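The lines below spell out each chain.
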Amino acid sequence: QLQLVESGGGLAQPGGSLRLSCVASGSTFSSYDMRWYRRQSRLVVTYINTDGTSTHYADSVKGRFTISRDNAKNTVYLQMNSLQPEDTAMYYCEADRGSMNYWGQGTQVTVSS
């Protein structure tokens, strides 16, 4: 099994930044594609493949968010810049390896002045 723990959420002002982390344990992290998504809307915000050579972003976050991973640390990151109120959501990371999928507990991001 793979266990995921998200952190780094909180309150940010419009135009501010947050950095989310998702730490994996219990399995081989480098074997999984990773995604960040918004819980309620089920929007996949961003994606990164196993070795970090391929990424994808939802149109609404392109140019503002950056996903990265450090397989040595079993961690995927989401750097969020130029935050807007519409970015407010519970953010979850998802690990995907074919039919094997895992989710963390989520971390709340709130953008408000």
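Since we're looking at a predicted model, the values are computed, not measured. (Residues numbered from 1 in each chain as written. Predicted model: local features only at pLDDT ≥ 70, side-chain atom pairs only at ≥ 80, totals over all residues. Heavy atoms only, no water.)

Trainee: Explain the sheet that holds strand S7 (residues 65-70) to me, please; I cannot follow it from the model alone.
Mentor: Whether parallel or antiparallel, the strands of a sheet pair through hydrogen bonds between backbone atoms. Ordered in space as S1-S3-S8-S7, the four strands form an open sheet in which the pairing is antiparallel. Edge positions in the open sheet fall to strand S1 (3-7) and S7, since each of these has one partner strand only. Across the sheet, the mean angle separating the axes of adjacent strands is 15 degrees when strand polarity is ignored. Of the pairings in the sheet, the one linking S1 to strand S3 (residues 18-25) comprises five bridges and is antiparallel in character. Each bridged residue has a counterpart across the sheet, and for Val 5 the counterpart in S3 is Val 23. (Pairing = 2+ DSSP bridges. Helix = DSSP H or I, 4+ residues; strand = E, 2+ residues; numbered from the N terminus. Axes fitted to C-alpha atoms, helices over the stretch in contact; angles between N-to-C directions.)

Trainee: Quick question: what am I supposed to make of the state of the cysteines here?
Mentor: Disulfides are covalent bonds that link the sulfur atoms of two cysteine residues. Within this structure, the stated rule accounts for one disulfide. Sulfur-sulfur distance for the disulfide between Cys 22 and Cys 93 comes to 1.9 Å. An S-S torsion of about 50 degrees defines the bridge between Cys 22 and Cys 93 as right-handed. Of this pair, Cys 22 sits in strand S3 while Cys 93 sits in strand S9 (residues 89-97), and the two are 71 residues apart along the sequence. The exposure class of Cys 93 is buried, given its relative accessible area of 0%. (Disulfide = S-S within 2.5 Å. Buried < 20%, exposed > 50% of the residue type's maximum accessible area, 1.4 Å probe, protein only.)

Trainee: What exactly am I supposed to notice about the pairing of strand S5 (residues 43-48) here?
Mentor: A regular strand places its side chains on the two faces of the sheet in alternate fashion. Across five bridges, the pairing between strand S4 (residues 33-38) and S5 is antiparallel. Note that in S5 the partner of Met 34 across the bridge is Ile 48. Connecting S4 to the next strand, S5, in antiparallel fashion are four residues, including Arg 42 with a positive phi near 60 degrees. Here S5 runs beside strand S6 (residues 55-57); their pairing, made up of three bridges, is antiparallel. Its bridge partner being in S6, Tyr 47 is matched across the sheet by His 56.

Trainee: Is there a simple way to explain the pattern of salt bridges in this structure?
Mentor: Close approach of charged atoms lets side chains of opposite charge pair. This structure, assessed with the given rule, holds five salt bridges. Across the pair Lys 62 and Asp 59 runs a salt bridge, and its minimum N-O distance is 3.1 Å. Using a relative accessible area of 65% as the deciding quantity, one classes Asp 59 as exposed. In this structure, Asp 87 engages Arg 64 in a salt bridge whose closest nitrogen and oxygen atoms are separated by 2.7 Å. Of this pair, Asp 87 sits in the loop between strand S8 (75-80) and S9 while Arg 64 sits in the loop between S6 and S7, and the two are 23 residues apart along the sequence. A single burial state applies to Asp 87 and to Arg 64, both of which are buried. Connected via shared salt-bridge partners are Arg 35, Glu 94 and Asp 96. (Salt bridge = Lys/Arg side-chain N within 4 Å of Asp/Glu carboxyl O.)

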